[in-house]
Amino acid sequence: MPRPPANVQSPIAFQILLSLAAGESHGYAITAEIAARTDGRLRIQPGNLYRSLHQLLEAGLIAESSRRPAPDLSDARRRYYRITPAGRAQLKEEIAQLERVLRNAKLVQRRHLEDRK
Amino acid sequence: MTRLYRLLLRLFPPAFRRRYRDDMADVFSDHWRRARRSGLRATAAFLADTIADVIVHAIALRRSDFQTPGRREGGVMKALWLDGRFAIRSFRQRAGLTTVALLTIALGIGATTAIFSVVRPLLLDRLPFPEPDRIVSVYEFQTRDPDSMTVANPMNFDAWEQQRDVFAAIAGFSGRSMTLSGTAEARRIGVVMTTPGLFDVFGVRPAVGRTFSEAEVAADERVVVLSDGLWKSVFGGDPTVLASGIRLNREQWRVVGIMPPGFEMPGSAEAWVPLALSPEVRSNRNARFLQVAARLAPGVSMEMATTAAAASMARLAAAYPKFNQTYSARAVGWREMGVGHVRDGLWMLQGIAVAVWLIACANLANLLLALSAGRTREFAIRAAVGAGRARLARQILTEGVLLSLAGGLAGTLLAIWATPAIVALAPRLPRAEHLAVRAPDVFMALSMSVLTGVVVSVLPAIVATRAAPRLATARTETGSRGQRRTRALLVGAQVAIAVVLLAGAALLARSFLRLTAQPIGFMPGQVMTAHISLPRTVYDTEEKRRQLFASVVDELEREPGVVSVTASNALPFTWYEWMEEFVIVSRPDAPHLTASYRVVTPSYFETMQVPVLRGRGFAATDTSAGPRVAVVNEAFAKRYGASSDVSGLTLALADDRLPIAVVGVVGDTRHRSFERPPQAEVYLPLSQSGPGDMTIAVRTAGRAADAVPALQRVLRSIDPELPMADIKTLQSWVGQAVTGRRFYLVLLSVFAGTAVVLSIVGIYGVTSYVMRLRAREMAIRIAIGATAQGVERLALRQGMTPVLLGLAAGIGVALFATRLLADQLFQIQARDPSTLIAASAVFVLVAAAACWMPARRTVRAAAYGILQGDV
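In short, a report on the structure. (Residues numbered from 1 in each chain as written. Chains lettered and ligands numbered in written order. Predicted model: local features only at pLDDT ≥ 70, side-chain atom pairs only at ≥ 80, totals over all residues. Heavy atoms only, no water.)

**Considering the overall build of chain B**
Broken down by element type, chain B carries 27 helices and 21 strands. Counting across all 871 residues of chain B, residues that qualify as buried make up 50%. Across chain B, contacts joining residues at least 24 apart in sequence account for 80% of those joining residues at least 6 apart. (Helix = DSSP H or I, 4+ residues; strand = E, 2+ residues; numbered from the N terminus. Buried < 20%, exposed > 50% of the residue type's maximum accessible area, 1.4 Å probe, protein only. Contact = heavy atoms within 4.5 Å.)

Structural data, given as structure tokens:
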């Protein structure tokens, strides 16, 4: 599988994938979920959000959902998105990557502390 | 707000926009609701973030649109992208300065765009007709008052219509409103009754069907042409209306055609119906009721048309000795007719708006200059690690253009909001309801933004790139002497422009106050007026007309809350006027006198509160059977040297020479405007004259508007078919007389205020920035023995020098520039010294405060720093 272009690995893209991994959703719900999850530290503006969604769509990591919730539950105008298997793989890969980075950083830190002693 | 956001979204590439627009607006409006709840500061931050978000991601998306596969990565777009990202980061670090800069540009460009959106359609755009310069309006005027303007007599129109070699097409028309029924709900529409030539005058063919034929007009058939607007809004663009027809004033009319979109000539017409001028009407020498539009024949100039129209009137005057004696005619270009009264004023306002923009530019250039001086070290380091001069210059240019584009966008939004307010405030403008910020105005605003960005970045770019390699190790960040001089020059220029505008606004304000303080001779408060025009078919005798007005006045006087009631053929400030020629019977040697002819009911002087100075006013005893009496005003009395005693004076109308005894003198009233001094007036009682249409005036104990239900009730009870027009307070009529002045006063004040605020912000911003950079120097000065006050004085002196120089220059310019306002001034000289002095004094005080505050703060901090050993 070819590597997706670099820009879908941005922190925003990561957050969107993470959000969609829990289930399909629409634009505003994605930003709301991310804001709630990050204690309001990350509020994504619409321009950024839809550009990222657009890029994720092009890269095949997410897809527009054809299903809609019951009309009385939600506004039918809104587009819904779901994560694709490729997206899940990408997300898994990125989480693993982040874990490697974190492990590595902790290792360096510990060694640094030992040196001081 | 969401609508504005959607406008912003136009920055995105079209395909992207079409796909996500609605969703984005949705998300925005949800965010916006939340942001608004969390205070002003958060709202402002949110809006700034939103604008930045749209710009950044729109550019990014457009950039990726450009990049076709196989094209070289990097290059100019890539560098610009990097510069842009860097610029936004650097703005974020200097949030305060960036906000000031953005507001500055927004005000400058907003002001210019708002005025431009009015000037462009009214004065610049070609009228959307073939050969628009050949379309004229022909009107009559009274020869003794060349500025007067009146509608044309049908016999004169008939003569003009014969002059085919002068007028290739000509139309007489008259506007009215009619009730359109048979649709979802009945509504009043603006209808133009016109002779068939109107469509040829404008050279516009109907989009559907045809216009009415000569035969249909001659037969006075019920045929109508609809405007596109009416057709679309009421009939949903349904073509079957041509077959089914419409109902107007309870009659069935045949729709013969529909005009193309946007055609509403001669004004805001929604439909056109035939105006049948029968041979009898065409020989009527007593009425004037036609507005006339014409298209000049090839080779005929405006002057030739005027001469021809006047000549044909003179021929008729020679043929009929009582006709056209005091009238002539004139042809004026169609556009001139609509906007002549505001053209100079609008250009002046456009010039002033540009001046405000120039201040904004100077301000911004100064802020960026101060900024780049402060960033010398940054540039030096970047140069040291390998940035070329061109790269640095481009960085600064990108920053300037991005900043001013963002400001320009905000300015455009400001203009979108401000234009309707300006139009509402303005004196009567043609097609006023269509005036708004449109695509060409936005394009102009954005071009201006780019221009602004380039202009304001040039100086800082030169300074930075020149200084960069040399100053890598320098400690000074306050800029070289050359830079300081440039800064001073920019401050001085701003101050000069601001002072000129301030002086202009002050002159207009003083004129306005003086004018509205003029005594008008009556009390307009608590008076409601309504115009009643009687159909001559029903009220065919003088007696019937007199009877009607007398009973309306009687009935109204019995209504609770009504103090007194009168009726007059020409109430002051209502634009009705009657002139008659009088002779003085008791002094055969005195010349004839043209005076205003006022028919009034006995309670007129009481209702209008015009004082009776000598003799008496009218009484119920002045009946049609009694001796004929008149009351004159003081201007009339003075004219005849009869100011002390008028009891012996006997007048007569030059027409019938029936003697009328003058029984009293009343105070003068201004009739048309505050400016025009009172003219000679003769009042005659309704009972002894033949009234035409009258205006009712009701003085109330409470608010004037309280009289409206009573007016409607009384009129309905007397004759339910009679229409009332112009139901307005007398106060609003009087207010209308100063609409034009109020318009210029308000706009010039707003602009002058903006200019002053901008230049003060500029002075404050630059002084505080420079002072912060000079804190170290201040501290050293204090450390080696200068007092804090001494250092503050030094800073103040250095800060105020350019202000005072600018002030001097501004006063010099103001002495000449304020002459442009001469037309708008009243009893005050354009060079009025006290106004100039007051304006300058205010300015100096505020500027000194703007200099002193940052100086004081810095010096205090520096003195404190010494104690802390923190230098």
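**Considerations on the packing of helix α6 (residues 154–162) of chain B against helix α12 (residues 302–319) of chain B**
All names here are of chain B. Two numbers describe how α6 lies on α12: the axes approach to 10 Å, and their chain directions differ by 125 degrees. With respect to their mutual orientation, α6 and α12 come out oblique. Here α6 runs over α12; the crossing is right-handed. Residues Met 155, Asn 156, Ala 159 and Trp 160 of α6 touch α12, and the partners they reach there are Ala 309, Ser 312, Met 313 and Leu 316. Of the residues contributing to the contact of α6 with α12, the split by class is six nonpolar, two polar and no charged. (Axes fitted to C-alpha atoms, helices over the stretch in contact; angles between N-to-C directions. Parallel < 35°, antiparallel > 145°, perpendicular 65-115°, else oblique. Left-handed = near helix turned anticlockwise from the far one by under 90°. Nonpolar A, V, L, I, M, F, W, Y, C, P; charged D, E, K, R; others polar.)

**So, the environment of B:Ala496**
Residue position: B:Ala496 is located in helix α18 (residues 481–516). Measuring from C-alpha to C-alpha, the distance between B:Ala496 and B:Leu807 comes to 5.3 Å, with 311 residues separating the pair along the chain.

**A look at the packing of aromatic side chains**
Each aromatic ring pair is characterised by the separation of its centres together with the angle its planes make. Residues and elements named next belong to chain B. Under the counting rule described, the total for this entry stands at 19 aromatic pairs over all chains. Judged by centre distance (5.8 Å) and plane angle (25 degrees), the ring pair of Phe 28 and Phe 46 falls under stacked. Taken together, the positions of Phe 28 in helix α2 (residues 14–37) and Phe 46 in helix α3 (residues 39–66) put the pair 18 residues apart, joining distant regions of the chain. Pair check on accessibility: Phe 28 and Phe 46 agree, each one buried. Ring geometry for Tyr 604 and Phe 605: centres 5.5 Å apart, planes at 90 degrees, overall edge-to-face. A relative accessible area of 1% means that Tyr 604 is categorised as buried. Across the ring face of Trp 733, the terminal group of Lys 728 is positioned such that the distance to the ring centre comes to 3.8 Å. (Phe/Tyr/Trp six-rings, centres within 6.5 Å; stacked < 30°, edge-to-face > 60°. Lys NZ or Arg CZ within 6 Å of the ring centre and 35° of its normal.)

**As for the sheet that holds strand β1 (residues 25–26) of chain A**
Strand pairing in a sheet relies on backbone hydrogen bonds, with the paired strands running either antiparallel or parallel. Residues and elements named next belong to chain A. With respect to topology, three strands assemble into an open sheet ordered β1-β3-β2, the strand pairing being antiparallel. The sheet is open, and its two borders are formed by β1 and β2 (62–64), each paired with just one other strand. Bridge count between β1 and strand β3 (residues 80–83): two bridges; the pairing is antiparallel. Paired with His 26 across the bridge in β3 is Tyr 80. (Pairing = 2+ DSSP bridges.)

**Looking at α12(B)**
Under the 1.5 Å per step criterion, the end-to-end length of α12(B) is 26 Å for 18 residues, consistent within 8% with the ideal 26 Å. The secondary structure elements touched by the buried residues of α12(B) are β1 (135–142), α6, β2 (167–181), β9 (291–296) and β10 (327–333) of chain B. (Expected span 1.5 Å × (residues − 1).)

**Side note on the pattern of salt bridges**
All names here are of chain B. One pass over the structure, following the stated rule, counts 20 salt bridges over all chains. Ionic pairing is found between Arg 6 and Asp 22, a salt bridge with its closest N-O pair at 3.0 Å. Placement of Arg 6 in helix α1 (residues 2–8) and of Asp 22 in helix α2 is noted, with a sequence separation of 16 residues between them. The closest approach of N and O atoms between Arg 614 and Glu 634, which form a salt bridge, is 4.0 Å. Of this pair, Arg 614 sits in strand β15 (residues 612–615) while Glu 634 is found in helix α21 (residues 634–639), placing the two residues 20 residues apart along the sequence. (Salt bridge = Lys/Arg side-chain N within 4 Å of Asp/Glu carboxyl O.)

**Remarks on the interface of chain A and chain B**
With 20 residues of chain A at the interface, the matching set in chain B holds 20 residues. Contact between chain A and chain B buries roughly 1900 Å² in total, counting both sides, with carbon and sulfur atoms accounting for 53%. If you sort the residues of chain A by the area they bury against chain B, A:Gln45, A:Tyr50 and A:Arg51 come out on top, with a joint share of 32%. A salt bridge links B:Arg19 to A:Glu64; its shortest N-O distance comes to 3.0 Å. In this structure, the connection of chain A to chain B is made through seven residue pairs in polar contact (both at pLDDT 80 or more). Elements with a contribution of two residues or more to the side of chain A that touches chain B: α2 (27–37) and α3 (46–58) of chain A. For the side of chain A that touches chain B, a count of residues per class yields seven nonpolar, six polar and seven charged. (Buried area = accessible area lost by both parts, 1.4 Å probe. Polar contact = N/O pair within 3.5 Å; in protein donor to acceptor, adjacent residues only side chain to side chain.)

**A word on helix α25 (residues 775–783) of chain B**
Residues and elements named next belong to chain B. Met 778, Ala 779 and Ile 782 are the residues of α25 that are buried. Buried residues of α25, viewed axially, fall in a sector of 100 degrees; they line one side. Directly beyond the C-terminal end of α25, a positive phi value near 120 degrees is found at Gly 785. (Arc of directions from axis to C-beta.)

**A short note on the environment of B:Asn249**
Residues and elements named next belong to chain B. Mapped onto the elements, Asn 249 comes out in the loop between β6 (246–248) and β7 (251–258). Taking relative accessible area as the criterion, Asn 249 reaches 28% and is therefore assigned partly exposed. Between the C-alpha atom of Asn 249 and that of Arg 188, which follows or precedes it by 61 residues, the distance is 9.5 Å. If we ignore the near neighbours within four places in the chain, the residues touching Asn 249 are Arg 176, Met 178, Thr 179 and Arg 188.

**Some thoughts on the pairing of strand β5 (residues 223–226) of chain B**
Residues and elements named next belong to chain B. The two faces of β5 match: Val 223 and Val 225 on one face and Val 224 and Leu 226 on the other face are all buried. Here β5 runs beside β7; their pairing, made up of four bridges, is parallel. Within β7, the position partnered with Leu 226 by the bridge is Ile 258. As paired elements, β5 and strand β8 (residues 271–274) share two bridges and run antiparallel to each other. When the bridges of β8 are listed, Leu 226 appears paired with Ala 271.

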